[in-house]
Amino acid sequence: MALDQQQVRDIADLSRLQIDEAQIAEYQKNLSNILDLVDQLSAVDTSSVEPMAHPLDAVQRLRADVVTEENNRDHFQQIAPQTENGYYLVPRVVE
Amino acid sequence: MEWEVVIGLEIHAQLATKSKIFSGASTAYGADANTQACAIDLGLPGVLPAFNEEALRMAVKFGLAIDAEIGLKSVFDRKNYFYPDSPKGYQTTQLHHPIVGIGHIDIELEDGSSKRINVTRAHLEEDAGKSVHEGFNGMSGIDLNRAGTPLIEIVSEPEMRNAKEAAAYFRKMHSIVTYLGICDGDLSQGSMRCDCNVSLRPKGQEEFGTRTEIKNVNSFRNVERAIDAEIARQMDILEDGGKIIQETRLYDADKNETRAMRSKEVANDYRYFPCPDLLPVIIDDNYVEAVRATLPELPDAKRARFAHAHGLSAIDAAVLAANRELAHYFETAAKIANDYKLAANWVQGDVSATLNRLEISIGELAVSAEQLGRILQLIKDNTLNNGGAKEVFNALVEGKGDGSAESVDKLVDSLGLKQVSDSGAIEAIVAEVLAANPKLVEGYLATPEDKRAKAIGPFIGLVRKAAKGVNPQVVMDVLQKKLSEL
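Each chain has its residues counted from 1, running along the sequence as written. Ligands are numbered from 1 and chains lettered from A, in the order in which they are written. Side-chain atom pairs in this predicted model are given and counted only at pLDDT of 80 or more, local residue features only at pLDDT of at least 70, and totals for whole chains, interfaces and linings cover all residues.

Peer 1: What is the right way to read the overall build of chain B from this model?
Peer 2: Numbering of helices and strands runs from the N terminus; a helix is a DSSP stretch of H or I covering at least four residues, while a strand is a stretch of E covering at least two. For chain B, the count of helices and strands is 17 helices and 16 strands. Scaling as 2.2 N^0.38, a compact globule of 486 residues should have a C-alpha radius of gyration of about 23 Å, whereas chain B reaches 30 Å, well beyond that. Taken along the three principal axes of its C-alpha coordinates, chain B extends 95 × 55 × 55 Å. The buried share of chain B, reckoned over its 486 residues, is 41%. In chain B, the proportion of contacts linking residues at least 24 apart, taken out of those at least 6 apart, comes to 69%. Throughout, radius of gyration means the C-alpha value; the globule benchmark is 2.2 Å times the number of residues raised to the power 0.38. Whether a residue is buried, exposed or partly exposed is read from the other C-beta atoms within 10 Å of its own C-beta, which are placed from the backbone; 20 or more gives buried, 12 or fewer gives exposed, and intermediate counts give partly exposed. Once C-beta atoms are placed from the backbone, any two residues with those atoms within 7 Å are in contact.

Shown next, in the form of structure tokens:
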């Protein structure tokens, strides 16, 4: 399965990765190779295999609906680049 | 050309749990920014989500209420997207195996008929945080208190054909989730939000037209207005031979128009995959039946009971059953008075008028259901006439009571509203009035028999003036008797 150059740019964009325009051709080739490698799995007949949601054959445990967390805002915000009045600040995003 | 409108709704309802869907942080509304956002909600490395059993129970409850298939095995998936109000970089949701499958509700149309709307599915997911774009010097402030609040997203089939049907559907869902107690239903706080998918197609055409999605409409009225505005916009474009672009739009209530959200250059690719941090959620029939046993009487059943068992009109029954608190208030008063019709008249009349005038909800009304019930009892045993009852009610509205039924009796006494029904006392008053107005009596006696019913009116007025609070029926009886003896 071959990716085109625009798809490489789109993937980089979705991944929030900045890539050098000059390297796109190489990414295109490498990523396409990886897809081809994975694509070999399609050759296996899985019609009788139930899709797996999780590798462990276990069931989700449930938590009681109780508030157990306290306010640790000051502690958490020590690692935030910028905060103000309790808010985390980020570059302006307006949809 | 004649167009057919196709509408489907996606409703997000916040579940009324105490803690978040995957963490022990509080979901209480209105706290200081980020004081209820713990390490799990912040998406810090190394944390593990732990699924809230109450969120599961509430979702199953909802599924049973809309007669839906319940997913005995449901699976959480990650929906990947980048936005700062979702610090994990993905939303935990359910894609292929939702907790609630195909179900349906019935909506009531204006002509009194009802229409079944199918629900495609409802799944559990987490809410995002909130971004504030003003007041941070060109930056955006992020409050993650809401991040991780449990939601059910309820997806309808595209079966609504006009904005009124869509609004009726949203109202009905609101009624159901608040009856179930799984959502507080507070639209102003965003507890329920609605995305409206709207498209047009030439009448008779099978294939759907291109749709747009109006995001986050948060009132019943705006659902109707936003959809109508979008229908008009699309119709203009189509009539001019143009094409609709599939896009997400926002409704501007001030301008009553929808506008496109800034479209992304690259189409979103959510790259869903099963969440490796959460195992499949397995429940069995015993679990489902135990939840079913906790279902309250739902709006449709209550409406039918009000109409059939208690003789209310279809409209009265629908209005009184639509809101759980109002229905409870009504029924409490009706049971005390042992008169559903009288209680319905009062709740739809003076009670509703007062709520509208003061812009309050039934829970905030100073007159308790017990007090209204007592007032109705006093009307029924002729202690109060209608005017006196209204006076007591209004006094209670103004806070002259303590919520107890006894305070109604005290008010009746202190305001001197007790009707005089003792015919002896009334006979004396009537005798005085007749003696004092010989000309009126003469006129009455000169009136032909068949017109006397009308001619008795002035006497009633005089008697009631002479003694406030006399029972008009007793006055009438005594007057007729005395006059016939002349």
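That covers the picture; the talk isn't over yet.
Peer 1: Please clarify how the interface of chain B and chain A should be interpreted in this entry.
Peer 2: Quoted interface sizes are often the accessible area lost when the parts come together. Each partner contributes to the interface: chain B provides 43 residues, whereas chain A provides 34 residues. Secondary structure elements with two or more residues in the side of chain B that touches chain A: β2 (51–52), α2 (53–65), β8 (130–132), β9 (139–143) and β16 (281–282) of chain B. No other element matches the five residues that β9(B) contributes to the side of chain B that touches chain A. Each residue gets one of three labels, nonpolar for Ala, Val, Leu, Ile, Met, Phe, Trp, Tyr, Cys and Pro, charged for Asp, Glu, Lys and Arg, and polar for the others, Gly among them. Split by residue class, the side of chain B that touches chain A holds 23 nonpolar, 13 polar and seven charged. Strands were regarded as paired on the criterion that DSSP finds at least two bridges between them. Two strands pair when backbone bridges link them, and strand β1 (residues 62–63) of chain A and β2(B) are joined in this way by two bridges, in the parallel orientation. From the neighbouring strand, Leu62(A) faces β2(B), where its bridge partner is Phe51(B).

Peer 1: Even after reading the chapter, I still don't get the environment of Ala147(B), so can you show me in this structure?
Peer 2: Residue and element names in this part refer to chain B. Counting through the fold element by element, Ala 147 comes out in the loop between β9 and β10 (150–156). The buried category is assigned to Ala 147, around which 28 C-beta atoms lie within 10 Å. Dropping the residues within four chain positions of it, Ala 147 is found in contact with Ala 37, Asp 41, Asp 85, Ser 86, Asp 127, Ala 128 and Gly 129.

Peer 1: Would you take a moment to explain the sheet that holds strand β15 (residues 273–274) of chain B for this structure?
Peer 2: Two pairing modes exist for strands in a sheet, parallel and antiparallel, and in both the strands are linked by backbone hydrogen bonds. All names here are of chain B. Taken in spatial order, the three strands line up as β5-β4-β15 in an open sheet, and their pairing is antiparallel. Lying at the two open borders of the sheet, with one neighbouring strand each, are β5 (90–93) and β15. Direction of pairing for strand β4 (residues 77–80) relative to β5: antiparallel, over a ladder of four bridges. Along β5, the bridge assignment pairs Arg 78 with Thr 92.

Peer 1: What's the story with the domain arrangement of chain B in this structure? I'm lost.
Peer 2: Residue and element names in this part refer to chain B. Boundaries between domains were set according to an automatic or database domain assignment. Per the domain assignment, the segments of chain B are domain 1 (3–287), domain 2 (299–414) and domain 3 (423–485). The centre of domain 1, based on its C-alpha atoms, is set 36 Å off from the matching centre of domain 2. Domain 1 puts seven residues into the contact, and the matching count from domain 2 is six residues. Residue assignment for the side of domain 1 that touches domain 2 shows that the elements contributing at least two residues are β6 (103–108) and α3 (163–180).

Peer 1: Please explain the confidence of the model for chain B as it appears in this structure.
Peer 2: Segments scoring low in pLDDT should not have their predicted coordinates read at a detailed level. By definition, pLDDT measures how confident the predictor is in each residue, and it falls between 0 and 100. Looking at chain B as a whole, the pLDDT averages 91, with 98% of positions reaching at least 70. Overall fold confidence (pTM) sits at 0.83, and the ipTM for the predicted complex is 0.83.

Peer 1: Which parts of the structure should I look at to understand the packing of α2(B) against helix α5 (residues 285–292) of chain B?
Peer 2: If you want to describe how two helices pack, look at the angle between their axes and the distance between the axes. All names here are of chain B. Closest axis-to-axis distance for the α2/α5 pair is 9 Å, and the angle between their directions is 75°. The orientation of α2 with respect to α5, classified from their angle, is roughly perpendicular. Side by side, α2 and α5 meet where Arg 57, Val 60, Lys 61 and Leu 64 of the first sit next to Val 288, Val 291 and Arg 292 of the second. The residue inventory of the contact of α2 with α5, partitioned by class, reads four nonpolar, no polar and three charged. To get an axis, fit a line to the C-alpha atoms, keeping to the stretch in contact for a helix; angles then go from 0 to 180 degrees between the N-to-C directions. Convention used here: angles under 35 degrees read as roughly parallel, angles over 145 as roughly antiparallel, angles from 65 to 115 as roughly perpendicular, and any remaining angle as oblique.

Peer 1: I'm lost on unusual backbone geometry in this one. Help?
Peer 2: Both trends apply: most residues other than glycine have a negative phi, and most peptide bonds are in trans. A positive phi angle, close to 55°, is found at Arg16(A), a residue other than glycine. Mapped onto the fold, Arg16(A) is located in the loop between α1 (5–14) and α2 (24–39). For Asp67(B), which is not a glycine, the phi torsion comes out positive at approximately 60°. Asp67(B) sits in the exposed class, given 11 other C-beta atoms within 10 Å.

Peer 1: In this structure, what is going on with the sheet that holds strand β1 (residues 3–14) of chain B? I would like to understand it.
Peer 2: Residue and element names in this part refer to chain B. Ordered in space as β6-β7-β10-β1-β11-β12-β13-β14, the eight strands form an open sheet in which the pairing is mixed. The sheet is open, and its two borders are formed by β6 and β14 (257–260), each paired with just one other strand. This sheet shows a mean twist of 30° between the axes of neighbouring strands, independent of strand direction. In this structure, β6 lies alongside strand β7 (residues 114–126), joined through six bridges in antiparallel fashion. Bridge pairing links Gly 103 to Val 119 in β7.

Peer 1: I'm lost on helix α13 (residues 423–436) of chain B in this one. Help?
Peer 2: Counting along an α-helix, one turn takes 3.6 residues, and residues three or four places apart therefore face a common direction. All names here are of chain B. In a helix, the anticipated span is given by 1.5 Å times the number of residues less one. Helix length check: α13 (14 residues) gives 20 Å between terminal C-alpha atoms against 20 Å at 1.5 Å per residue, within 8%. Considered for burial, the residues of α13 that qualify are Ile 426, Val 430 and Val 433. An end-on view of α13 places all buried positions within 60° of arc, on one side of the element. Residues of α13 that are exposed and angled more than 90 degrees away from the buried face: Gly 424, Ala 431, Ala 435 and Ala 436. Buried residues along α13 sit in contact with α16 (457–466) and α17 (472–485). What the arc covers is the set of directions going from the helix axis to the C-beta atoms.

Peer 1: Which parts of the structure should I look at to understand the nonpolar core?
Peer 2: As a rule of thumb, soluble globular proteins bury nonpolar side chains together. Residue and element names in this part refer to chain B. Working definition: the nonpolar core is a set of buried Ala, Val, Leu, Ile, Met, Phe, Trp, Tyr and Cys residues, joined through C-beta atoms within 7 Å. Counting residues in each nonpolar core, the largest one holds 74 residues, and the members touching the most others are Ala 59, Phe 62, Ala 166 and Cys 196. The element contributing the most residues to this core is α3, with 11 residues. Beyond its immediate sequence surroundings of up to four residues, Ala 59 is in contact with Ile 99, Val 100, Ala 122, Leu 124 and Ile 152. Ranked by size, the runner-up nonpolar core spans 36 residues in total, among them Tyr 340, Leu 372, Phe 393 and Leu 396.

Peer 1: Looking at this structure, how should I read helix α7 (residues 314–322) of chain B?
Peer 2: Within α7(B) the residues assigned to the buried category are Asp316(B), Ala317(B), Val319(B), Leu320(B) and Ala321(B). Packing partners of the buried residues in α7(B) comprise α6 (299–308), α8 (324–337) and α9 (340–358) of chain B.

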